[in-house]
Amino acid sequence: MPASRSAPRTAPRRAAPILALAAALALTSPGLMPSAAARSPHAVTADVHVSPTGDDAADGTATHPVRGLPRARDLVRGRTAHQEADLTVHLAAGTYRSDQPLDLDARDSGGNGHRVIWQGAGNGATVISGGRKVEGWQPVSGRPGLWSAPAPQGITATRQLYVDGVRGQRARGEVPVALTPTATGYTASSDALAHWRHPSDAEFVYTSGEALWNVERNGLGQWTEPRCPIAAAKGTAITMAQPCWDNSTKRVEFPDRPGRTIGMVGPGKLTNGGKASSIENAYELLDEPGEWYLDRSAHTVYYLPRPGEDLRSADVEAASAERLLDGHGTAKAPLHDVAFQGLQFSYATWLTPSGPEGFSEIQAGYTVTGAKGWATQGLCGFTPGGTCPFASWTKMPGNVSFSYARRIDISDSTFAHLGAAGLELGAGTTDSTVSTSVFTDISGNGLEIGGVDGRTPASAIQVTNNHLYALPREFHGGVGILNGYTQHNTIAHNQLDHLGYSAVSMGWGGWPDKIGSPATPNPSHDNAVRNNLIFDYMQLLDDGGGIYTQGLTGTSMADGEKVTGNVVHDQWGLGKSVYTDNGCTYETVQGNVLYGAAYANVGSRHTDYRDKLGNNDPTLIKDNWWEEGAADGNSKGLVTTGNHIMASPADVPADLLANAGIEPARRSVLDRVTQATSVPEAPARVGTSTAGVDALFVTFNPSYVDGGSPVTGYTAHALRADGTQAATASVPAADFRRQAYVRLGQLRASEGPFRVTVTARNAHGESAPSLASAPLTPTGAVALPGAPTGAKVRTGSRAVTVAWTPPVDTGDAKVIGYRITVSDGRVIEVTGRDVLVTQPSAKGMFRVVGGLEPGVAYRFTIVAVTAAGVGPGVSAPTSSLP
């Protein structure tokens, strides 16, 4: 792809300020003012002007602007009844702060077929903020490097702090005690937590992901990262907050299917013996630059500055408001005909996860809530007392939210530095657009459309030419765009990159096929996901996709979901480029370019249980460019036809690549700067395996939040038991991307076991270290791996896909690569994250071999590579291209 497409965040463009200046001169220069006859007195007097320095006692004219957004709203209410043109609320550049959302209802709609336009200055100049400035910083006596300040008036809790627009990390670290689960929490191996200042402020984090080396796999499914607060710590007894604990450890199961929850999504209790991956939000955890903690009892904020930060002059913002804008109508009286242009929404939080509910995640930011949520919520039809509809769990709220709203248009705006989902277009929202906007630095989902709770579906929503990147920041199972049960929605020409989990998630409610029951009926139909550019996704969690769909998508192939013309590449986690998951029915996957996936480009096949005929869910996979290479065929309704094997993007028609992503006339959205540059976020999920008697292989999940400057490299740090450093090894980011591990040598086994942390670096410096790996002592590796199995070749016009199953027996080391030997003499080294993760998860591997000649018979042999050496090979059947 062109370099400008993959590295969009550069300096801000200068055209907008110049054009604004020209417009101002045009309105004030002699001879350029419109004549009195040409001016509409209604249009002039109807507009409302707002300024951070205005006065709410003023009349809202250009020379006498009001100050508050509620005051501007109230002025608009008195003018729309006689509206003869679009009425504009002009928001001057500056920051508009409030602890309460701007509340809009049907009274705030456009009148007589015209719109109300809330117009900002653009490019981040007009900020609607829920933040409170934190001032009065002083060094903390006895704690070198640590600073404190009084918490702002009115701040009793927050989950986010920003320094000069850069998100701080809530103080975090390893759990300092061993934990044994109990009915109400844990028994700890010591009373250490009970001696912390405020243990009830702390929160356990349970990071999941696929099984890989010695990486811990906690949580409630590979796609989740639940969180539960501590309620109390007394002695060695740790009591967890309720109902979070029960909702995360007691999810009801089918009595005749042990291990299968009635919700059918993930396990019934926290995996790995309930072990927590980390702990957050305690004074005792403040040990790395960029970390902060709010001591609510002392009403004091603590912060460890990063290099170069000066708290005496920095703009430090604590997120306070939980919602910035709440646009809501009713089915009979909707909010309508309102536009928002050139605005930035920032510094809002979400406090529910800090309370008793915690964050008992199901998928994509949905959670189990309520005192009996584990036993009843969303379990309609499968257990007594189950609430309806099935799978109607609790959706993460949006910091900007609309419901029962029509013709809402959002453009040229920014959603950044937010603590929940960025924008929610909820139930009853219709005929609305989101375009040329940026979504980044958001704790959870970027954009949410519709819901799954049985209310009026969102419909006719157009999401086009937006840039969503570097999210989620906190609730890492969140997605770029979450689309529930909806109708006639189009998600097109967006760019989604550097995402922790899936990019686009469509639909819901297909899980009953796991027990041989039909997917839950829903009102969805005629939705399209087309011409989007998606890359560097699933950077933290697994079992997702670039475009993921769940459940019924329509009533026939004609009105089912259409996934067309997308370019999806470079997936880190185990999953699929286009993922047709449980109950996904009537989906068309056509004309996409799909490469760089771990496991599959399009999948999976599911049985259609709506009848007893044994057919598959009707699906069409046609005319895609991909690496998977599945053969044409009709497998009981799953139709695969006309797809092309690609050895590289150069094989793909140029117009397909060029037509994906932001349209040319809108690509300035890629240049919009949303925050100050900083060091990258720390890598995550560090794992190790032996690389010989004096070395370890180290793998980890890369830093997908790069601080506005590309990550250039990583450094692995081997730590002895006493915390001293034994050795380091650095790797350029491009090399790590290719092989997914680094070799850390010059270790003495006698000093082991070693734990390993990893830092990332960019042009602005080095990140904080990751959480440490599990301890491991290097050992000699002599037993070779077994042979791969199931080798096969799928042929294309000038290339083939070679597929195989990883060996079950890896000897006394882990698989770090494969070699494909071609009968024409080539030896192809196969590396990458999929190499590491497919063996322990028992998933298949594939690679494309290009440069082949038609009519020539080729043989392919595949061997596995470990620290011990090269194992025996398996040969694929001889194949020739047509």
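Here the structure is shown first, and the text comes after it.
Quick summary incoming for the structure in this document. Since this is a predicted model, take the numbers as computed values, not measurements. One numbering rule holds for all chains: residues counted from 1, following each sequence as written. Local features in this predicted model are restricted to residues whose pLDDT is 70 or higher, and side-chain atom pairs enter the listing and the counts only when it is 80 or higher, whereas totals over whole chains, interfaces and linings include all residues. Only hydrogens and water are set aside; all other atoms, that is, all heavy atoms of the structure, feed into the side-chain values.

**Points about the overall build of the protein**
Phase 1 of the analysis: Put simply, DSSP marks the helices as runs of H or I at least four residues long and the strands as runs of E at least two long, and each gets a number from the N terminus on. Tallying secondary structure elements over the protein gives 9 helices and 70 strands in all.
Phase 2 of the analysis: Structurally, the protein occupies a C-alpha span of about 90 × 70 × 60 Å along its principal axes.
Phase 3 of the analysis: Scored against the burial criterion, the 882 residues of the protein give a buried share of 58%.
Phase 4 of the analysis: To measure how exposed things are, a 1.4 Å probe is used in the Shrake-Rupley method; for residues, cover is taken only from the protein chains shown. Total accessible area on the protein stands at roughly 31,900 Å², and carbon and sulfur atoms take up 53% of it.
Phase 5 of the analysis: Working convention for charge: Lys and Arg count positive, Asp and Glu count negative, and His plus the chain ends are omitted. Charge positions come from single atoms, namely NZ of Lys, CZ of Arg, CG of Asp or CD of Glu. Charge centroids of the protein, computed over 71 positive and 81 negative side chains, lie 2 Å from each other. For the exposure calls, accessible area comes from a 1.4 Å probe over protein chains only, and a residue counts as buried if that area is under 20% of its type's maximum, exposed if over 50%, partly exposed in between.

**Points about the sheet that holds strand β9 (residues 147-150)**
Phase 1 of the analysis: Following DSSP output, two strands are said to pair if at least two bridges run between them. Across the sheet, which stays open at both edges, the 5 strands sit in the order β8-β9-β21-β20-β12 with mixed pairing between neighbours. Bordering the open sheet on either side are β8 (138-139) and β12 (169-170), each of which pairs with just one other strand.
Phase 2 of the analysis: Where β9 and strand β21 (residues 300-303) come together, 4 bridges link them in antiparallel fashion. Residue pairing across strands places P150 opposite T300, the latter belonging to β21.

**What to know about the side chain of N527**
Phase 1 of the analysis: If you trace the backbone, N527 turns up in the loop between β41 (504-507) and β42 (528-530).
Phase 2 of the analysis: Any N or O atom pair separated by 3.5 Å or less is treated as a polar contact, with the protein-specific requirement of one donor-capable and one acceptor-capable atom, and with residues adjacent in sequence counted only for side-chain atom pairs. One polar contact links the side chain of N527 to the main-chain amide nitrogen of N489, over a distance of 2.9 Å.
Phase 3 of the analysis: Note on definitions: a residue-residue contact is assigned when non-hydrogen atoms from the two residues lie within 4.5 Å. Ignoring anything within four residues of it in the chain, the contact list for N527 reads N483, T486, Q487, H488, N489, M506, G560, E561 and K562.

**Quick notes on the sheet that holds strand β56 (residues 684-690)**
Phase 1 of the analysis: Ordered by their spatial adjacency, 3 strands build an open sheet running β56-β57-β60, and the pairing between neighbours is antiparallel. Single-partner strands in this sheet number two, and they are β56 and β60 (742-744). Sheet twist, expressed as the mean angle between neighbouring strand axes with direction ignored, is 30 degrees.
Phase 2 of the analysis: As judged from the 3 bridges shared by strand β57 (residues 696-701) and β60, these two strands associate in the antiparallel manner. Bridging across to β60, L696 finds its partner in L744. In this analysis an axis means a line fitted to C-alpha atoms, helices contributing only their contacting stretch, and an angle means the value between N-to-C directions, from 0 to 180 degrees.

**Describing the pairing of strand β18 (residues 237-240)**
Phase 1 of the analysis: Taking every second residue as pointing to the same face, the buried face of β18 carries I238 and M240, while none of A237 and T239 on the other face is buried.
Phase 2 of the analysis: Note that strand β15 (residues 185-188) and β18 share 3 bridges and pair antiparallel. If you follow Y186 over to β18, its bridge partner there is I238.
Phase 3 of the analysis: For strand β17 (residues 227-234) and β18, the ladder comprises 4 bridges, and the chain directions are antiparallel. Across the sheet, residue A233 finds its bridge partner in β18, namely I238.
Phase 4 of the analysis: Taking the residues that link successive antiparallel strands as the turn, the β17-β18 hairpin has 2 residues, and the phi of G235 there is positive, at about 60 degrees.

**Considering the side chain of S879**
Phase 1 of the analysis: Along the chain, S879 turns up in strand β70 (residues 874-880).
Phase 2 of the analysis: On the accessibility criterion, S879 (13% relative accessible area) is buried.
Phase 3 of the analysis: Non-local contacts of S879, meaning those with residues more than four positions away in its chain, are made with V793, T795, V856, A857 and Y858.

**Things to note about the pairing of strand β61 (residues 755-762)**
Regular strands place side chains that alternate from one sheet face to the opposite one.
Phase 1 of the analysis: Of all 8 residues making up β61, 6 are buried, and the element is well covered by its neighbours.
Phase 2 of the analysis: In this structure, strand β58 (residues 713-719) lies alongside β61, joined through 7 bridges in antiparallel fashion. Residue pairing in the sheet places G713 in a bridge with R761 of β61.
Phase 3 of the analysis: Note: β61 against strand β62 (residues 765-766), 2 bridges, orientation antiparallel. Bridged to R761 within β62 is E766.
Phase 4 of the analysis: From the end of β61 to the start of β62, which pair antiparallel, there are 2 residues.

**A word on unusual backbone geometry**
Phase 1 of the analysis: Following Q242, the chain continues to P243 via a peptide bond in cis, the omega torsion being 15 degrees.
Phase 2 of the analysis: A cis amide bond, omega -10 degrees, links C388 with the succeeding residue P389.
Phase 3 of the analysis: Checked against the element boundaries, P389 lands in the loop between α6 (373-376) and β28 (398-403).
Phase 4 of the analysis: Of note, the phi angle at D543 is positive, near 60 degrees, even though the residue is not glycine.
Phase 5 of the analysis: By the secondary structure assignment, D543 is in the loop between β43 (533-537) and β44 (544-550).
Phase 6 of the analysis: For Y586, which is not glycine, the phi torsion reads 70 degrees and is therefore positive.
Phase 7 of the analysis: Mapped onto the fold, Y586 is located in the loop between β47 (575-580) and β48 (587-590).
Phase 8 of the analysis: Here Y586 falls in the buried class, since its relative accessible area comes to 13%.

**Notes on the state of the cysteines**
Phase 1 of the analysis: Two cysteine sulfurs form a disulfide in these notes if their separation is within 2.5 Å. Scanning the entire structure with this criterion turns up 2 disulfides.
Phase 2 of the analysis: The side chain of C228 participates in a disulfide bridge whose partner is C244; the two sulfur atoms lie 2.0 Å from each other. Its torsion about the S-S bond being -90 degrees, the disulfide of C228 and C244 is classed as left-handed. Taken together, the residues C228 in strand β17 and C244 in helix α5 (residues 244-249) connect sequence positions 16 residues apart.
Phase 3 of the analysis: Overall, C244 belongs to the buried group, its relative accessible area being 0%.
Phase 4 of the analysis: Across the disulfide, C380 is cross-linked to C388 (sulfur-sulfur distance 2.0 Å). Between C380 and C388 the disulfide shows an S-S torsion of about 60 degrees. By sign, it is right-handed.
Phase 5 of the analysis: Look at C380 and you get partly exposed, because its relative accessible area is 22%.
Phase 6 of the analysis: Taken N- to C-terminal, the disulfide-bonded cysteines of the protein are connected 1-2, 3-4.

**Examining the packing of aromatic side chains**
Phase 1 of the analysis: The rule is short: rings of Phe, Tyr and Trp, with Trp giving its six-membered ring, pair when the centres are within 6.5 Å, and they are stacked under 30 degrees, edge-to-face over 60, tilted in between. The final tally for this structure, using the stated rule, is 26 aromatic pairs.
Phase 2 of the analysis: With 4.5 Å between their ring centres and 35 degrees between their planes, Y366 and W508 make a pair best called tilted. Here W508 lies in the loop between β41 and β42 and Y366 lies in strand β27 (residues 366-367), a separation of 142 residues in the sequence. Assigned by exposure class, Y366 and W508 land together as buried.
Phase 3 of the analysis: Grouped by ring-pair contacts, the aromatic residues F254, Y366, F382, F390, W393, W508 and W511 constitute a single cluster.
Phase 4 of the analysis: Counted as over-ring charges are cases with an Arg CZ or a Lys NZ within 6 Å of the ring centre that also lie within 35 degrees of the ring normal. K843 extends its terminal NZ or CZ atom over the ring of Y599, reaching a point 5.7 Å from the ring centre.

**Topic: the nonpolar core**
Phase 1 of the analysis: By nonpolar core is meant a set of buried Ala, Val, Leu, Ile, Met, Phe, Trp, Tyr and Cys residues that side-chain atoms within 4.5 Å join together. Among the nonpolar cores identified, the biggest contains 97 residues, and V89, W118, F340, F402 and L423 are the most heavily contacted of them.
Phase 2 of the analysis: Every residue in contact with W118, bar those within four places of it in the chain, is listed here: L69, A72, R73, V89, L91, L102, L104, V338, A339, F340, Q341 and L343.
Phase 3 of the analysis: Of all hydrophobic cores here, the second largest spans 55 residues; its members include L212, F697, V711 and A716.

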